[in-house]
Structures are given as C-alpha cells and as structure tokens.
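# Chain and residue survey
Spelled out from the first residue to the last, the chains are:
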Amino acid sequence: MEEEMGGLGRPPVMIGGEVERVDGRALRYEEFVERYLMPNRPVLLTGLMDVWRAATDWLAPDGRAPNLPFFAAHFGDSVVQVADCFKREFTDQKRREMTVAEFVSYWLKLSSRKDSSVLRCNDDDESLLYLKDWHFFKEYPDYVAYRTPPFFTDDWLNLYLDSHLIHRDSDIHRDKNEINCADYRFVYMGPKGTWTPLHADVFRSYSWSANVCGRKLWLFLPPCQCHLVFDRNFRSSVYNVYDDVSEAQFPGFKKTIWLKCTQEQNEVIFVPSGWYHQVHNLEDTISINHNWFNTYNLSWVWGLLLRDYNVAKEYIEDIRDICDDFEGLCQRNLAANTGMNFYDFMIFITRFTLGNMILLFHLRHEEGSINNLLTKSRYFITNLMSIRAVASKMKTVGAFAEENLKSCSVENHTAFSDVQKIFEEPEFHDLCSALKRTYESIDNQWEQDPQTRTALFCQDCFKCLKTGSGFLDFVISPTSKVCGPEDLVSLIDHAMEKTKSGCCNFSFPSELFEWTDACICTPMAKPRLLLTNFFRMPVMSATGDTRPGFSLKASLQLPMSVAAFWRVSTAYPKFSKHRPSLAFSISSVIGAATILSTVAFACSAVDKASLTAATVRAWKDVAPDLSARDVQS
C-alpha cells in the first residue's frame, strides 16, 4: 500500500470517500454543469486527452516517463519558476528562477542518483525542485500541445486576459509584475516526491489538471469544513496534512473528513471553488493546469475579494487619519495580495455584461428553430443574471460610494463607466469574438450545416454599436455611464426588459428570465437538480466507506433550499397559483428527507431535532407570511 502511495503511506486524516471517476466522452456539457459545476463537486474525467500532441511529444519511448530532452531541446531557454519542496516560505514553498534547460539538467541528475531521493545542490543545501506556473500557452502559442476539454472552455478569466490586462493603474501595473498575471494556464513538471501544500485556488476559482504522464495523489476538503484547517484567529492555516499538526494551534483539524483521489496518466480532474486540497506526485509527473471562473462561481470570486479587502482594511486601520487616500491604499493592497481589486473586478464584469448583451441582441434576429434559439439564449441570460446578482451585492460596498470613487484612477473609472468608449476598443471586440467562439464550441450543440448556418457574430456585427442600429436602445438605459454596481444592475434590467418585449424573430418566454433569476439567487433551485444531486451524492460514513444515499449533514441545508421556492412564488406572480401544491411538495420533500435520514442512518434525537430546527428557521426566514402553526406543520 505504501509503495502504491509513492512512499507517502496512508494519509493521517479521516478519508470519507473517493472522488467520482467518469468517462468524459459519455458526458454532455449540460450533465457536467448539473452534476458537478453547479453543486461544486470534484470529479475525475477519463478519455479527454487521446488526441493531444503533448500526449506523444512529451513522453519517452516507453509511453510513461517524461521526455525531458525534448523540453531542453525545444523550450530550454524559457525562464520558469521552481519551488523547493523542502523549504517553506510563509504559506508556500520557497521559489527561485531557472531556465527549463537548467531544470531538466537538475532532474536528470536527480534520476541518476540511485542511492538518494534528493539531489544535493551544493555543500550545505538539500532541495527537491518542482517547476510550477509555467505560462506555456502564452509563451508558445503556435505549438498546440492540447485542446481545452469542452467542459472547461467557458473560461471568463483567461478569455479576458487574452485581450485585457487585469490591472490598469500605472502604480500597480508593470510589464513584469508578478500580480499582473499574463494568464492562468500553466504547465507543472516535477519528479516523484514533489508536492503542493494545502491551499484553495487563486480567486477561489475552479481549476482543472490533466496528467500527461505520472500519477498524483489528491486530498480534498469541502468548503463547509475549511474553517477547521485555520487557527483560532483565522490568520493561518495548516501547511501540510502529513505534518504533526498542533491541536492547540488548529483545534478543529482532527474533525476534518476528506475525499481522496489517485489521478492516473491521461486523466483530468476538476477542482471546484473553495475546496482546500493538497497534491503529491507519486511518480515523475507532467501536468497541464488551468484556473478559471464563469457564471457559476462568480459569486465565489466576489466573496474572496470582499473578505480579503476587509482583512487588508483592518490591518491598516490605524493610519486612516493620517492617510490622504486610505481607500486607494486598501485597493492597492488588495491587488497585491489577491491579484485583483474592486475596480479591476468592476471593469471585468462590466465588459462581460456588454459582451453578453451584444450576443443576445444578435441572437434575437437569428433564423432557426425556437428550441435552438432558446438553448443559445440560456447561456447569455444566465450570465447576465449571475452578474446582476453579484453586482447587487456590490452596491452596499463603500468603495463605490461617490466620495471613495475619487480614489479610483481616471483610467480605471473610464474603463467601466464610459460604455460608448468600451464599444470602440479593439480589445473589447476581441473579447466578444472569443465569447462567441466559446459558446459555439460547447458540446457541439450549435453545429449546423455550414451552408445554412447563420453566423452568430461576425466582423460586420460591430456595426450594431453605431447609432441607429437599435442596439444602443437595447443596451443603454437613460444614461450611457456606469458609475458603479447600481448602474450595472439597471443596465442589465433594461436589456432584459427589451429582450422580453420581443421585436425579433421569436419571443423569449418570460418564465425563462424568472426561472433563471431564481436559479442564480437560490441555492440548487431546480427541484429535479436539487433531488438528483442530493440522492446521488456519496455519503461519508464514520468507517470511511461511501455509498449513494442521503447525507444528514447535507439534509440540514435542504430546508433552506426548498423553502426558497416559496420566496420565488411570492416574488413572481405567475408562480403564485402554484403555491398550495408547492407547499405540499416542499413539506413532502422535507418529510421524505427526515424519514430517509432516520431509516438509513438511525439518527439520534439530536440529529432529528437539528433537522427540524433547520426547517423551522428556513421557513421563518424566507416565508414570514406563514403562521407559526403552518411553519410547525
């Protein structure tokens, strides 16, 4: 067993189950979204790398080991960052720069030492080096090593960075500034024994990692338990789960229950938002990794920015009275620590709002079947409603108050406020074109006869941005300025009203907007999706095995999710006639959940009381119009 685990031995934590392994060739994009993306669950996908160039060029003749001389010969001059797995520096491993040729030379010498697992680099220094975060895609765009699997192509982060800088302020942006990342597409290369400490991904993004060669051990901790890896003050977290973790410093760590996964060659793993994970290379390994986010985890990104902003603000609160630009200093610190600040994020979501509006506008006048057009429209409407939900949360943040916007540079403010200027920018045109290609390619759903296909977006389509095309009336409400999140919400509302009003080849059913809004604002809002995922979810038992069934811990979230349907029926008059049957359905679901949890897990009285209390709290929160007697029933 220890040999199978690359000498690591059994993880010193409670393992509650294995990550699900699925044949990616048999999975449709909609299934991936419903089963993994929306529920935020990890999955291991097979069968997606068969035609990759990297799967041949980067392998030695035996088809298993890395072809290191190939990298030295073709990419040897590239300067990369390598982490020393034996040296800690703050919350990460100590890094240095070297060329790829130098790293390959190190690795080959390491492999030749039969009597030691490490290479002594000098007389008093022992190191185990791991090449990380190599921007291979940006550096060698003409060498197509791989194609992003279709499940991960809706990648707002990298689509944006292909045409925009993440920072615009001159005092933040530098040509070679670490925080001004070129993209988040990476190659990782490391010998057996290299590893990455426990962490959650940048921006709380999704990530995917494909093993070109080698094997990796992954340990995953779900977001609902992540507070357990922090100290009492939530200032520092566990660095290495294989360490002798101090119970005095991290009192909750022993309560954690993890998912485990051994990733083989030619397998791709999906890492959801907010899951802490630690990764070990069990063999010499090369992997391709992307960080990304889109409509389904945009709220995670804003949540992290807000939390890190509050921490940065609290840290320098003592100098507020003597600081001429306190808010500006907070934003600069946020950009340095997190990789993006509030104004960077505002520019980002404004441009994705306008891009989706352009695509939706052209879709209104496209020929095709109603079902096909509705399928396409769902992407854009869902994106816009997701942005609207996040922008609504941003409205109350002081950084966007009029007095604090003075600390925002003119360049930054113009980049999200002047809509007409944005329309004229070539980089915005590039972003729109990339969005169009992305949604055309997803799951091949939009494939049609090339002779009859109507282009969703073409070079001439930017003519719609000129006065008189009808587009400006479609997009712009009484003002053409977006001075903050509140204006962005109004902009989206205006476009949605125009879309619902018709004036095109077909009319969007209003229920599409209402249900999309409900899905964005309500956790796991679709009843079918709610129930399917609850009863498909593997259950972690105390003995460490898993089986399909009902999780009591998850059941405590169920009342809040299903009770939210009552709120939907209240918010949308068209649903009000269904409230009696809706209430019956909700009570039936909760009743079934209680019965199942009792039968399957022999709930203690405390467990059943917790479920009942959660139900009552949920109803009181989202349905205050119900009487106490109704709630108790």
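To be clear, the structure that these remarks concern was listed above.
In this report, the structure presented in the accompanying data block is examined. Numbers given for residues are sequential positions, taken from 1 along each chain in its written order. The predicted origin of the model limits local features to residues at a pLDDT of at least 70 and limits the giving and counting of side-chain atom pairs to 80 or more, whereas totals for whole chains, interfaces and linings rest on all residues. No hydrogens and no water enter the side-chain calculation; it runs on all heavy atoms of the structure.

Glancing now at the overall build of the protein chain. In DSSP terms, a helix is any run of H or I states spanning at least four residues, a strand is any run of E spanning at least two, and both are numbered starting from the N terminus. When helices and strands are counted, the protein chain shows 23 helices and 18 strands. With a 1.4 Å probe rolled over the protein chains alone, any residue whose accessible area is under 20% of its type maximum counts as buried; one over 50% counts as exposed, and the rest are partly exposed. Looking at the protein chain residue by residue over its 633 residues, the buried ones come to 54%. Note on contacts: a residue pair qualifies if any of its non-hydrogen atoms lie within 4.5 Å across the two residues. Long-range pairs, those at least 24 residues apart, make up 76% of the contacts in the protein chain between residues at least 6 apart in sequence. Here the accessible surface of atoms and residues is derived via Shrake-Rupley with a 1.4 Å probe, and residues count as covered only by protein chains that are part of the display. A total accessible area of about 28,600 Å² is found for the protein chain, and carbon and sulfur atoms account for 52% of it.

Relative to the helices and strands, Asn333 is located in helix α8 (residues 326-338). In contact with Asn333, other than residues within four places in its own chain, are Ala312 and Ile316.

A separate point is the packing of aromatic side chains. Stacked, tilted and edge-to-face are the three classes assigned to paired rings of Phe, Tyr and Trp, where Trp is represented by its six-membered ring and a pair needs centres within 6.5 Å; plane angles under 30 degrees give stacked, over 60 edge-to-face, the rest tilted. Overall, the coordinates contain 53 aromatic pairs when judged by the stated rule. Relative to Phe203, the ring of Tyr184 lies with its centre 5.6 Å away and its plane at 65°, an arrangement referred to as edge-to-face. Pair noted here: Tyr184 is in the loop between α6 (156-161) and β9 (185-190) and Phe203 is in the loop between β10 (195-199) and β11 (206-213), with a separation of 19 residues, a long-range link. Comparing Tyr184 with Phe203 shows no difference in burial state: the two are buried. Their ring planes at 55° and their centres at 4.9 Å tell us that Tyr206 and Trp292 sit as a pair that is tilted. In this pair, Tyr206 sits in strand β11 while Trp292 sits in strand β16 (residues 285-292), placing the two residues 86 residues apart along the sequence. Comparing Tyr206 with Trp292 shows no difference in burial state: the two are buried. Our definition puts a charge over a ring when NZ of Lys or CZ of Arg is within 6 Å of the ring centre and also within 35 degrees of the ring normal. Arg378 extends its terminal NZ or CZ atom over the ring of Tyr379, reaching a point 5.6 Å from the ring centre.

The subject of this paragraph is the sheet that holds β9. Sheet architecture is open: nine strands sit in the order β2-β3-β14-β11-β16-β9-β8-β4-β5, paired in mixed fashion. Edge positions in the sheet fall to β2 (21-23) and β5 (92-99), since each of these pairs with one other strand and no more. Within this sheet the neighbouring strands show an average axis-to-axis angle of 25°, counted without direction. Strands were regarded as paired on the criterion that DSSP finds at least two bridges between them. Judged from the eight bridges that link them, strand β4 (residues 79-89) and β5 form a sheet pairing that is antiparallel. Across the sheet, residue Arg88 finds its bridge partner in β5, namely Gln93. Packing of helix α4 (residues 100-112) onto the sheet brings it into contact with β4, β5, β8 (129-134), β9 and β16, and relative to β5 it is tilted by some 110°. The angle between two axes is taken between their N-to-C directions and runs from 0 to 180 degrees, where each axis is a line fitted to C-alpha atoms and a helix contributes only its stretch in contact.

Before going further, it helps to spend a moment on helix α7 (residues 298-315). Structural remark: α-helix, 3.6 residues per turn; residues separated by three or four positions point the same way. Helix span, expected: 1.5 Å multiplied by one less than the number of residues in the helix. With 18 residues, α7 extends 26 Å between its outermost C-alpha atoms, agreeing within 8% with the 26 Å of an ideal straight helix rising 1.5 Å per residue. Of the positions making up α7, those classed as buried are Leu298, Val301, Trp302, Leu304, Leu305, Asp308, Tyr309 and Ala312. In an axial view of α7, the angular spread of the buried residues amounts to 160°, which keeps them on one side of the axis. As used here, the arc is the angular range of directions from the helix axis to the C-beta atoms.

Mapped onto the elements of the fold, Gln263 is located in strand β13 (residues 257-263). Classification of Gln263 as buried rests on a relative accessible area of 0%.

Another aspect to go through is the sheet that holds β13. Strands sit in the order β1-β13-β12-β15-β10 across an open sheet of five strands; the sheet is mixed. Sheet topology places β1 (14-18) and β10 at the edges, where each strand pairs with a single neighbour. Between one strand axis and the next, the sheet turns by 25° as a mean value, whatever way the strands run. Relative to β13, strand β12 (residues 216-221) runs antiparallel, the two sharing five bridges. By the bridge assignment for β13, Phe220 is matched with Leu259.

Bringing the nonpolar core into the picture now. Nonpolar cores were defined as sets of buried Ala, Val, Leu, Ile, Met, Phe, Trp, Tyr and Cys residues, with membership established by side-chain atoms within 4.5 Å. The biggest cluster of nonpolar side chains holds 126 residues, and the ones touching the most others in it are Phe32, Trp58, Trp134, Met189 and Phe345. Residues Val13, Leu219, Cys226 and Val238 belong to the second largest nonpolar core, which totals 16 residues.

Two quantities define a packed helix pair, namely the angle between the axes and the distance from one axis to the other. Put simply, helix α9 (residues 342-363) and helix α13 (residues 426-441) touch, their axes get as near as 10 Å, and they point 60° apart. On the basis of the axis angle, α9 is oblique to α13. Here α9 and α13 pass one another in a crossing that is right-handed. Of the residues in α13, those touching α9 at Arg351, Phe352, Leu354, Gly355, Asn356, Ile358 and Leu359 are Phe428, Leu431, Cys432, Leu435 and Lys436. Three categories are distinguished: nonpolar for Ala, Val, Leu, Ile, Met, Phe, Trp, Tyr, Cys and Pro, charged for Asp, Glu, Lys and Arg, and polar for the others, with Gly belonging to the last. Of the residues that constitute the contact of α9 with α13, the class distribution is eight nonpolar, two polar and two charged. The cut-offs work like this: below 35 degrees is roughly parallel, past 145 is roughly antiparallel, 65 to 115 is roughly perpendicular, and the gaps in between are oblique. Left-handed describes a crossing whose near helix is turned anticlockwise from the far helix through less than a right angle; right-handed describes the clockwise counterpart.

Quick look at the state of the cysteines now. In plain terms, two cysteine sulfur atoms within 2.5 Å form what is called a disulfide here. Evaluated as defined, the whole model comprises zero disulfides. No disulfide involves Cys226; its sulfur sits 7.7 Å from the nearest other cysteine sulfur, which is in Cys224.

By secondary structure assignment, the location of Asp418 is in the loop between α11 (410-417) and α12 (419-424). C-alpha of Asp418 to C-alpha of Cys483: the two residues are 65 residues apart in sequence and 8.5 Å apart in space. Counted as a polar contact is a pair of N or O atoms within 3.5 Å, where, for protein atoms, one must be capable of donating a hydrogen and the other of accepting one, and residues adjacent in sequence contribute only when both atoms are in side chains. Only 3.2 Å separates the side chain of Asp418 from the backbone nitrogen of Lys421, close enough to count as a polar contact.

Before going further, it helps to examine unusual backbone geometry. Here Phe203, not a glycine, exhibits a phi torsion of approximately 60°, which is positive. The exposure class assigned to Phe203 is buried, which follows from its relative accessible area of 1%. Positive phi outside glycine occurs at Asn266, with the angle close to 65°. For Asn266, the location among the structural elements is in the loop between β13 and β14 (267-271).

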